[in-house]
Amino acid sequence: MVNIEFKIEDTWLKVLNNEFKQDYFIKLKQFLNDEKLKNKKIYPPENLIFNAFNKTPFNKVKVVILGQDPYHGAGQAHGLCFSVPNGIKIPPSLRNIYKELNTDVGFAIPTSGNLEKWAAQGILLINSTLTVRDSEAGSHQKKGWEMFTDNVIKTISDKKENIVFILWGNYAKSKESLIDKEKHFIIKSVHPSPLSASRGFFGSKPFSKINSYLQSKGFDCIDWSL
């Protein structure tokens, strides 16, 4: 019997434990097991599905950047939205994020698309859907992941204060209702993809806004260098 295994960091397990017992999550796990039984290639690898949570414990979260779907090309997805492992070509949206960082805070554009250094500083880089089938964008949408990640956003909103939520693009903006605006800071713009970046992402200065807010609340600023 093939059985997909999830491992999630302890502080997250404590606040999300009930989610794993819900009917929708049991069905989601069954769907992923069925994919495995059919020898479907799934990204990211099983041990990296919860990488965003494992790199950024619940008690360390300061910023949430919300993506939609993992990359569906070989070797790209490693469980952090917008990020790719070292040695993988930087995707177009991330290239535009780097361009805005450069003009916003003088960021030196790196050769790597690996954002683990940001995750280690308290930036939760989470996709709404945590898995995808090889070469099939959106193939694991509406199977239960969105319910899980919506509840993650709501849990952060309910249990923490003074978190910066980054909502780029209409899909991410649709999650705004899950966030208590009295307790948290929301930064919104169009998506950094080549299709929309020139319509309001470039020049939006989200990175300096993040650090200004964190500083105003007595938190350490993010070191954006990679």
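Structure report, in brief. None of these values were measured; they are calculated from a predicted model.

1. What about helix α8 (residues 206-216)?
(1) Moving on: For α8, every residue scored as buried is listed here: Pro-206, Phe-207, Ile-210, Asn-211, Tyr-213 and Leu-214. Here the buried residues of α8 occupy an arc of 160 degrees about the axis, which is enough to place them on one side. Away from the buried face of α8 by more than 90 degrees, exposed residues Gln-215 and Ser-216 are located.
(2) Moving on: In the core, the buried residues of α8 are packed alongside β2 (63-67), α4 (92-105), β5 (164-168) and β6 (185-189).

2. As for the pattern of salt bridges
(1) Moving on: This model, assessed by the stated rule, comprises eight salt bridges.
(2) Moving on: Notably, a salt bridge pairs Glu-46 with Lys-36, separated by 2.7 Å at the nearest N-O pair. Here Glu-46 is found in the loop between β1 (42-43) and α3 (51-55), whereas its partner Lys-36 is found in helix α2 (residues 23-37), with ten residues between them in sequence.
(3) Moving on: Notably, a salt bridge pairs Asp-158 with Lys-154, separated by 3.1 Å at the nearest N-O pair. Placement of both Asp-158 and Lys-154 in helix α6 (residues 145-159) is noted, with a separation of four residues, approximately one turn of the helix.
(4) Moving on: Taking the relative accessible area as the measure of exposure, Asp-158 reaches 46% and is therefore partly exposed.

3. Quick notes on the sheet that holds strand β3 (residues 123-127)
(1) Moving on: Spatial ordering of the open sheet is given by β3-β2-β5-β6, a layout of four strands whose pairing is parallel. What marks the edges here is a single partner per strand, and that holds for β3 and β6. Within this sheet the neighbouring strands show an average axis-to-axis angle of 20 degrees, counted without direction.
(2) Moving on: Sheet topology note: the β2/β3 ladder contains five bridges and is parallel.

4. What to know about the side chain of Thr-129
(1) Moving on: Position of Thr-129 relative to the elements: it lies in the loop between β3 and β4 (132-133).
(2) Moving on: Judged by its relative accessible area of 1%, Thr-129 is buried.
(3) Moving on: Thr-129 has contacts with Gln-68, Asp-69, Pro-70, His-140, Gln-141, Trp-145 and Glu-146, leaving out every residue within four places of it along the chain.

5. Overview of the nonpolar core
(1) Moving on: Residues Trp-12, Phe-50, Phe-53, Trp-145 and Phe-148 are the most contacted members of the largest nonpolar core, which totals 67 residues.
(2) Moving on: Setting aside anything within four residues of it in sequence, one finds Phe-53 in contact with Ile-8, Glu-9, Trp-12, Leu-16, Leu-124, Ile-126, Leu-130, Phe-148 and Val-152.

6. Brief notes about the environment of Tyr-71
(1) Moving on: For Tyr-71, the location among the structural elements is in the loop between β2 and α4.
(2) Moving on: Taking the C-alpha atoms as reference points, Tyr-71 and Ser-93, separated by 22 residues in sequence, lie 11 Å from one another.
(3) Moving on: With near-sequence residues (within four places) excluded, Tyr-71 lies in contact with Tyr-43, Gln-76, Ala-77, Phe-82, Ser-83, Val-84, Pro-91 and Val-132.
(4) Moving on: There is a polar contact of 2.9 Å between the side chain of Tyr-71 and the backbone oxygen of Phe-82.

Quick notes on the rules
- Residues numbered from 1 in each chain as written.
- Predicted model: local features only at pLDDT ≥ 70, side-chain atom pairs only at ≥ 80, totals over all residues.
- Heavy atoms only, no water.
- Buried < 20%, exposed > 50% of the residue type's maximum accessible area, 1.4 Å probe, protein only.
- Helix = DSSP H or I, 4+ residues; strand = E, 2+ residues; numbered from the N terminus.
- Arc of directions from axis to C-beta.
- Contact = heavy atoms within 4.5 Å.
- Salt bridge = Lys/Arg side-chain N within 4 Å of Asp/Glu carboxyl O.
- Pairing = 2+ DSSP bridges.
- Axes fitted to C-alpha atoms, helices over the stretch in contact; angles between N-to-C directions.
- Core = buried A, V, L, I, M, F, W, Y, C linked by side-chain atoms within 4.5 Å.
- Polar contact = N/O pair within 3.5 Å; in protein donor to acceptor, adjacent residues only side chain to side chain.

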